[in-house]
Amino acid sequence: MAQKTMIQAITEALDQEMEKDEKVMIFGEDVGKNGGVFRATAGLSDKYGDDRVSDTPLSESAIGGMAIGLSLQGFRPVPEIQFFGFVFEVMDSISGQMSRTRYRMGSTRNMPITIRSPFGGGVHTPELHSDNLEGLIAQSPGIKVVIPSNPYDAKGLLTSAIRDNDPVVFLEHMKLYRSFREEVPEEQYTVPLGKAAVTREGKDVSIITYGAMVREAIKAADQLEKDGISAEIIDLRTVSPLDIETIIASVEKTGRAVVVQEAQRQAGVGATVISEISQRAVLSLEAPVAFVAAPDTVFPFGLAENDWLPNANDIIEKVKNTVNF
Amino acid sequence: MKKLKSSGLSKEEIIQAYQAILRGRRLDERLWQLTRIGKTSFNISGQGAEVAQVAMALAFEPEKDYFLPYYRDMTACLVWGMTPKDIILGSFGKEDDPSSHGRQMPNHYGSKEHNIVSHSSTVSTQMPLATGVAYAAQLENKDYVALTTTGEGSANQGEVQEAMNFAGVKKLPVIFVVENNDYAISVGSKEQYANKKMSERAAGYGFSGETVDGSDFTETYLAFVKAVKDARAGKGPALIEMMVSRLTSHSADDDHTIYRSKEELDTLKEKDPLLAFEKQLIDEGYMTKEEMQAMDKELKAEINKATDDAEAMLDPTPESLYEQVYAE
C-alpha cells in the first residue's frame, strides 16, 4: 500500500469515481486545466475531458444552482467552491435549495451533489480563506456535512459522498492536505457517512473533535498518556447529521468529555455535541463537559494565528481540569 | 394586435388556448376565495398574465422541455400538464399534493411527472438551476429546452446575472423570461432598473433579447416559437420580456390600494388582457360570446369539482413530519 497525502487521496477518490460512473462531473473555478488551486483535480480534465471537468465563470451562485439543475437530470455533480469562505455567495443554493429539494418535491428528486471546499486555519491564509463555517451548513436539514481528518478517511468518505443521494458539503482542511502521509489502499473503498470513528480508545476522558483538531487531540493524548491519563478520541467525521450514539457510548464509558473544535465558540458543532451530552449522559459525568474552541472573533491575521487557533496544549489543560475536577 | 391567424395555430388550437387562459383566471379567482374564507393560508396570483403565459407555454413541448417557473406561473403550469386539482391540493397542503405532499409553499409549483421544478421563495434562484438543466441537455446531446421565468423586480437579483452569463458562455438551450408587470410588490419598475427595456440586458450576455406585449397572443407566441427553435438548434439562449399586468395585490397578504390609485386600478381592469383577447376572438370570428359563456360555465363546474375533490383528500399525518428530509 502506498503512503499518500490527503490531497492525493482526494484526487484518487475523484479519479476512480469518475472512471466508475460517467455521471460524475466536476466543475468550479480553476478546476480544469489548472487542476484546482490546491491541485485536487490535477490531471482530471485531461483524462476525462472538458465536459466532465470544467472551469466555470467566477460565479458561486451559478455553480450551486447549476449543480441542482444537473442533478435533476441525473448527473452527480462534484462542484468545488474554491475556498469555503466564499460559501456566502452560494448559501441560497446550499441551504435554501438543494437541502430542501427532496422535501419540496415529495421525495421524487435526489440531490446527489458533493460540494468540495478547502477551509481551515494554520496555513496563513487570511480571514475568509481560513474560516470554519461548517456550523452554518450543519443548521440546514437535508444536507450532510463531512470533514475528514486523515488521508484514508478522506478517500473513503469522499467516495461515499459522491455516491450518496443527498447533498453533501465535503470540507477539506487545508493544513491536512500535505502535512502528513498514511497508507491509502489503491482500490476503491467507502467510509460510511454519519459514523464517527473511535480514533483511540481510552478510559479516563473522551476527547470529541473533528478535522484538523483530531491531530491536536492525538498530540494531546500522547502527552497525557505520559502523565497517566488515558484519553479516548472520537473523530466525528460527519458533523451533520451527528453520530450521537458513538459520542454518548464513549462518554458513558469514560465519564468525562472535552469537546474540541477549531471554529469559534458560539453556536457551532461543539455546542450541539455538548448539548446532547448534557441531555443524554449527565448522570455518567464525573465533571462538567469542557470546551476547547476559537474565540468569538474574526479569524486573525497571520502572526496571531497560532495564538488564536486551539491546540494540543489547550486540550491538555482542559483534560487535566476535567480529570482533576 | 397581431391577428390570431398569423400565429399559425388552427382555430381549434386557438380555442384551446382561450380555454387554458380562462381556466387559469377562474382557478386563480378560486384560490383567492379559498384564502379569503380562511380555508387556505396564502395565495399569490398571476391574474393579468394568463394570455402571455399560455402563448409562452404553447411554444414548448412539455413532454420533454423543462419548466422552472416562478410563483405567478400557475396558468403556464396548467398548460405544462398540471391540473386544477393538483394546484388546489398544493394550496390546501394535502398529503396528495403531487408537488411536495403539502410541504412546499402554495404557488411554488413542482412536478417530476410534468418536468416542472419547484422553486425557492428567494426570488430568481430558479434561474441558475435552469442553466444547469440546459447544460445537462447540451452535455448529453438531448434536444430539450429549459424555460425559466421571473418578474422584473426579481430580475435584479445577482443570480440572474450568473445564470445568464454562464448560459451565454456555453450557448445553452435555456430561455429566460421576465414577466414585467411594473411592480415589485409596491415598488414601481422605475425604481427597479434603469434600462428602457429589461430585454436589453441580453446583449451583455451575448444572446438575443426581445420585449413583447404579453397581451398580444400572436406576438408573444411567435417570439417564443423562434426562441425555442433557435435553442433547440444549438443557437443558445434568449431573454424574452413579456409586458403583462398585475390585476391583483402582490399576494393575499398585500393590499395594493395603498400604493396604487383608484384611477390606475380602474384602467388596469379596463385593459385586462383577458377581455382584450375575448374581443379579438369575437372580432376575428373564432368564438361567439355565447360559446365563451358556455365554456366559462363548464370551467367553473370543473373548478368546483376540483376544489371539492381536493378538499376531501387527507392532510399529511403529524408522523410524516420527519419524512422527505434525507433519502430513505
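Residues numbered from 1 in each chain as written. Chains lettered and ligands numbered in written order. Predicted model: local features only at pLDDT ≥ 70, side-chain atom pairs only at ≥ 80, totals over all residues. Heavy atoms only, no water.

Some details on a nonpolar patch on the surface
Inference 1: Taken together, the side chains of A:Phe88, A:Leu128 and A:Leu136 define a hydrophobic patch exposed on the protein surface, amounting to about 250 Å² of accessible area.
Inference 2: Following the sequence through the fold, A:Phe88 ends up in the loop between strand 4 (76-80) and helix 4 (91-98). (Patch = residues over 30% accessible without salt bridge, like charges linked within 9 Å, V, L, I, M, F, W, Y side chains within 5 Å. Areas by Shrake-Rupley, 256 points an atom, 1.4 Å probe, with all protein chains shown as cover. Salt bridge = Lys/Arg side-chain N within 4 Å of Asp/Glu carboxyl O. Helix = DSSP H or I, 4+ residues; strand = E, 2+ residues; numbered from the N terminus.)

Thoughts on the sheet that holds strand 14 (residues 290-294) of chain A
Residue and element names in this part refer to chain A.
Inference 1: The mixed open sheet is built from five strands, whose spatial order is 9-11-10-13-14. The open sheet is flanked by strand 9 (197-200) and strand 14, the only strands paired with a single partner. The average undirected angle you get between the axes of adjacent strands in this sheet is 25°.
Inference 2: As defined by bridge partners, strand 13 (residues 257-264) adjoins strand 14 across four bridges and the pair is classed as parallel. Its bridge partner lying in strand 14, Val 260 is registered against Val 292. (Pairing = 2+ DSSP bridges. Axes fitted to C-alpha atoms, helices over the stretch in contact; angles between N-to-C directions.)

Thoughts on the domain arrangement of chain A
Residue and element names in this part refer to chain A.
Inference 1: Domain boundaries in chain A define domain 1 (2-184) and domain 2 (197-324).
Inference 2: Relative placement of domain 1 and domain 2: their C-alpha centres are 26 Å apart.
Inference 3: Buried surface at the junction of domain 1 and domain 2, both sides included, amounts to about 1900 Å², of which 54% is carbon and sulfur.
Inference 4: On the domain 1 side of the interface with domain 2, the three residues burying the most area are Asn 132, Ile 147 and Ser 149, jointly 24% of the side's total.
Inference 5: Two residues, Arg 237 and Asp 153, come together in a salt bridge whose shortest N-O distance is 3.3 Å.
Inference 6: The interface formed by domain 1 and domain 2 includes 11 residue pairs in polar contact (both at pLDDT 80 or more).
Inference 7: Mapped by element, the contributors of at least two residues to the side of domain 1 that touches domain 2 are helix 6 (134-138), strand 6 (144-146) and helix 7 (151-163).
Inference 8: If one sorts the elements of the side of domain 1 that touches domain 2 by residue count, strand 6 sits on top with three residues. (Domains from an automatic or database assignment. Buried area = accessible area lost by both parts, 1.4 Å probe. Polar contact = N/O pair within 3.5 Å; in protein donor to acceptor, adjacent residues only side chain to side chain.)

Here's the deal with the interface of chain B and chain A
Inference 1: With 36 residues of chain B in contact, the opposing surface of chain A contributes 38 residues.
Inference 2: Area buried by chain B at its contact with chain A is led by B:Lys112, B:Glu162 and B:Tyr326, which between them contribute 20% of it.
Inference 3: At the junction of chain B and chain A, the tally comes to one salt bridge.
Inference 4: Ionic pairing is found between B:Glu140 and A:Lys23, a salt bridge with its closest N-O pair at 2.3 Å. (Contact = heavy atoms within 4.5 Å.)

Re the layout of surface pockets
Inference 1: Taken as a whole, the largest pocket spans an internal volume of roughly 370 Å³.
Inference 2: If you trace the largest pocket, you find 17 residues lining it, with A:Ala138, A:Val239, A:Ser240, A:Leu242 and A:Thr272 closest to the centre.
Inference 3: Where the lining of the largest pocket is concerned, the elements lending two or more residues are helix 6, strand 12 (238-240) and helix 11 (269-280) of chain A.
Inference 4: If one sorts the elements of the lining of the largest pocket by residue count, helix 11 of chain A sits on top with four residues.
Inference 5: Of the residues belonging to the lining of the largest pocket, the class tally is nine nonpolar, six polar and two charged.
Inference 6: Counting contributing residues per domain, the lining of the largest pocket is built from domain 1 (2-184) and domain 2 (197-324) of chain A, each supplying no fewer than three.
Inference 7: The calculated volume of the second largest pocket comes to roughly 320 Å³.
Inference 8: Top element by residues in the lining of the second largest pocket is helix 8 (residues 262-270) of chain B. It accounts for three residues.
Inference 9: Here the residues of the lining of the second largest pocket sort into six nonpolar, seven polar and six charged. (1 Å grid on protein atoms, 1.4 Å probe; cavity = no way out; pocket = protein on both sides within 12 Å on 5 of 7 lines; lining within 4 Å. Points joined across faces, edges and corners; volume = space filled by probe spheres on them. Nonpolar A, V, L, I, M, F, W, Y, C, P; charged D, E, K, R; others polar.)

What about the side chain of B:Gln104?
Inference 1: Counting through the fold element by element, B:Gln104 comes out in the loop between helix 4 (84-92) and helix 5 (126-139).
Inference 2: You can call B:Gln104 buried: its relative accessible area is 9%.
Inference 3: A polar contact is formed between the side chain of B:Gln104 and the side chain of B:Ser118, at a distance of 2.8 Å.
Inference 4: Leave out the neighbours within four places in its chain, and B:Gln104 touches A:Arg104, B:Ser118 and B:His119. (Buried < 20%, exposed > 50% of the residue type's maximum accessible area, 1.4 Å probe, protein only.)

Focus on helix 10 (residues 289-311) of chain B
Inference 1: Under the 1.5 Å per step criterion, the end-to-end length of helix 10 of chain B is 33 Å for 23 residues, consistent within 8% with the ideal 33 Å.
Inference 2: Every buried residue of helix 10 of chain B is listed here: B:Met292, B:Met295, B:Asp296, B:Leu299, B:Ile303, B:Ala306, B:Thr307 and B:Ala310. (Expected span 1.5 Å × (residues − 1).)

Section: the sheet that holds strand 7 (residues 238-243) of chain B
Residue and element names in this part refer to chain B.
Inference 1: One open sheet accounts for five strands, arranged 1-2-3-7-6; its pairing is parallel. If you trace the sheet from one side to the other, it starts and ends with strand 1 (66-68) and strand 6 (208-213), each paired once. Averaged over all neighbouring strand pairs, the angle between strand axes comes to 20°, with direction disregarded.
Inference 2: When strand 3 (residues 174-180) meets strand 7, the two strands line up parallel, connected through six bridges. By the bridge assignment, Ile 175 is partnered in strand 7 with Ala 238.
Inference 3: Across the face of the sheet, helix 7 (residues 217-232) comes into contact with strand 2 (146-151), strand 3, strand 6 and strand 7 while running at roughly 160° to strand 6.

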